[in-house]
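Fold and geometry: a report
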Amino acid sequence: MEHQPAHRRLWNAKYWACAIALMASVPAQSAPFSVSITVDNSYALFSGTLSAATRFVGSDPNWPSVDTYNFDLPTNAYLYVVTASDQSVAQGFLGQFTNPTTGTRFYSSDPAWQVMATGLGGRSAPYSGSAADLALLTQEIQDANAGGNPSLGWVGLTAGGSNGSSPWGFLSGIDAAAKWTWYAGGNCNKFNPTQGGCDAGEWLVFRIAVAATPENPIPDQNGSAGTVPLPGSIGLLGLGVLAAFSLQSVRRRLAAS
Ligand SMILES: [Ca+2]
Ligand SMILES: [Ca+2]
């Protein structure tokens, strides 16, 4: 069995203290992100975490216009889309979401989206970046995470027709593969809630984790995270440290044998 000199053990302790401090201070990386979106009849787009809306991106009450936002987004961020309709003719959320660095793209009809109903009525919806609106949306997110809202937590959305379908026609700026989606709650058609005016229990909130990673997994249907999220990039770095620790113990065992 080898015995390390005292100064060597001290250096090792300092090394690990430094490595662990460095890991804890590494923030989540940001990457350019592009959203092209419209909602019949209106929306507000936010980003945030599993339990809070932290940033207002934009809002629009005009469904025929596709609105595009280019911004930097932490790779472990969640997107939140607050929506309301006029409960007349049709309603839907249509969008495409692109990481221009990797070229990856998903749509409003991606099955990883979740939706929830607040039951608070369309007029009271948070449609700005004011502190009061961020606080209101965060409160509703946390209520839904705990299952205490009209949709009993976060549920799956229901896809209707593709971009180009009636009554909207094709809206340029969004791929034809994207589908209009809505929440099949309230008095909406369970098979296609985008058709026929209805009240799904608005205002609604759609959300998605931009990238599922070990430190920020896409939450399950009940809104729980599955595992406790780790801050920043500690997950992958932590694996490296664990591997280094294992290697050291193997070396010790080899030295001892
Ligand atoms: Ca629009
Ligand atoms: Ca409508």
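Note that the structure is a prediction, hence the values are computed from the model and not measured. (Residues numbered from 1 in each chain as written. Chains lettered and ligands numbered in written order. Predicted model: local features only at pLDDT ≥ 70, side-chain atom pairs only at ≥ 80, totals over all residues. Heavy atoms only, no water.)

1. Observations concerning the coordination of the calcium ion (ligand 2)
Only Asp40 (OD), Asn41 (OD1), Asp86 (OD), Ser88 (O) and Ala90 (O) from the protein reach the calcium ion (ligand 2) as donors, at distances of 2.3 to 2.8 Å. Mapping the donors of the calcium ion (ligand 2) onto the primary sequence gives the spacing D-N-x44-D-x1-S-x1-A. One end of the pair, Asp40, is in strand β1 (residues 30-40); the other, Ala90, is in the loop between β5 (78-84) and β6 (92-99), and 50 residues separate them in sequence. Each member of the pair, Asp40 as well as Ala90, carries the same accessibility label: buried. (Donors = N, O, S within 2.8 Å, 3.2 Å for Na, K, Ca; no water. Helix = DSSP H or I, 4+ residues; strand = E, 2+ residues; numbered from the N terminus. Buried < 20%, exposed > 50% of the residue type's maximum accessible area, 1.4 Å probe, protein only.)

2. With respect to the coordination of the calcium ion (ligand 1)
Surrounding the calcium ion (ligand 1) are the protein donor atoms Thr38 (OG1), Asp60 (OD), Asn62 (O), Ser65 (O), Ser65 (OG) and Asp67 (OD), at 2.3 to 2.8 Å. Each of the six donor atoms bound to the calcium ion (ligand 1) contributes to angles spanning 67 to 162°, and the resulting shape is irregular. Look at Ser65 and you get partly exposed, because its relative accessible area is 22%. By relative accessible area, which is 14% here, Asp67 ends up buried. (Tetrahedral: all angles 85-135°; square planar, octahedral: opposite > 155°, others 65-115°.)

3. Quick word on the state of the cysteines
Under the definition given, this model contains one disulfide. Covalent S-S linkage joins Cys188 and Cys198, the inter-sulfur distance amounting to 2.0 Å. With the S-S dihedral at roughly 90°, the linkage between Cys188 and Cys198 falls on the right-handed side. Note that Cys188 is positioned in the loop between β11 (179-182) and β12 (204-209) and Cys198 in the loop between β11 and β12, a separation of ten residues in sequence. Each of the two residues, Cys188 as well as Cys198, counts as buried. (Disulfide = S-S within 2.5 Å.)

4. Examining the pairing of β1
With nine of its eleven residues buried, β1 lies for the most part within the structure. Across eight bridges, the pairing between β1 and strand β4 (residues 67-74) is antiparallel. Of the residues in β4, the one forming a bridge with Phe33 is Phe71. When β1 meets β6, the two strands line up antiparallel, connected through seven bridges. (Pairing = 2+ DSSP bridges.)

5. Observations concerning the side chain of Asn149
As for its placement among the helices and strands, Asn149 is situated in the loop between α2 (131-145) and β9 (155-156). What makes Asn149 buried here is its relative accessible area of 7%. Ignoring sequence-local partners within four residues, the contact set of Asn149 consists of Met116, Ala117, Asp143 and Ala144. (Contact = heavy atoms within 4.5 Å.)

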